[in-house]
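Chain by chain, the residues run as shown.
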Amino acid sequence: MPVRTILLLCFAPFAIGALQGCGGDDGGSSSSGETSGGALGECPPDSDAQAQAGYQALQDQCATCHSTTKTGAARIGAPEDVNVDDPASVTAEAGEIYSEIQIGGANGADGMPLGAKLPDDTIESIRIYLACDATQ
Ligand code: HEC
């Protein structure tokens, strides 16, 4: 009999017009409208300023290590093919960049930037830059 309860909990949101039912869908990974990167999501209309802020955040936060101007030890171990000042690299790595900054590197986490997690609004600006400019 718990099955009936679970079903009710699952489908009640549909009855009141919500778009999400039971788990499984984070709402951000629909397969429509994407150009690359898998989970970048939509490019919102009129988001030029935010995309520009996202571009700038990548230069400010990542170019210390991920820049075409850095070689050898100055890269602090950053892979040679991930450079935020190289549009082709950003396009190729867009999905990876977004997933790394969502994880972040705070408290020993295995994301980027090393040792810190960017604020949510900065992460969103970078997502918009990647979804709107970098991958189109
Ligand atoms: C202090 C140097 C440093 C900074 C700053 C930095 N990175 Fe990295 N990055 C690294 C190193 C070292 C690696 C390779 C080791 C690893 O993946 O943890 C790396 C790897 C990566 C990778 C490849 C991961 C993979 O598994 O292929 C991506 C993508 C990336 N960084 C994105 C970023 C972004 C985006 C930022 C800025 C928000 C950033 N990094 C800031 C040093 C840095």
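Residues numbered from 1 in each chain as written. Predicted model: local features only at pLDDT ≥ 70, side-chain atom pairs only at ≥ 80, totals over all residues. Heavy atoms only, no water.

Undergrad: Now, about helix α4 (residues 120-134): what can you tell me, with residues and values included?
TA: Its 15 residues give α4 an end-to-end C-alpha distance of 20 Å, which sits within 8% of 21 Å, the value for a rise of 1.5 Å per residue. Most of α4 is tucked away: 11 of the 15 residues are buried. Those residues of α4 not exposed but buried are T122, I123, S125, I126, R127, I128, Y129, L130, A131, C132 and A134. Lining the buried residues of α4 we find α2 (48-62) and α3 (87-103). (Helix = DSSP H or I, 4+ residues; strand = E, 2+ residues; numbered from the N terminus. Expected span 1.5 Å × (residues − 1). Buried < 20%, exposed > 50% of the residue type's maximum accessible area, 1.4 Å probe, protein only. Contact = heavy atoms within 4.5 Å.)

Undergrad: So what's going on with the coordination of the iron atom of the ligand? Residues and values would help.
TA: The coordination sphere of the iron atom of the ligand, as far as protein atoms go, consists of H66 (NE2) and M112 (SD), spread over 2.0 to 2.1 Å. Each of the 6 donor atoms around the iron atom of the ligand contributes to a set of angles spanning 86 to 177°, which defines the coordination as octahedral. In this pair, H66 sits in the loop between α2 and α3 while M112 sits in the loop between α3 and α4, placing the two residues 46 residues apart along the sequence. (Donors = N, O, S within 2.8 Å, 3.2 Å for Na, K, Ca; no water. Tetrahedral: all angles 85-135°; square planar, octahedral: opposite > 155°, others 65-115°.)

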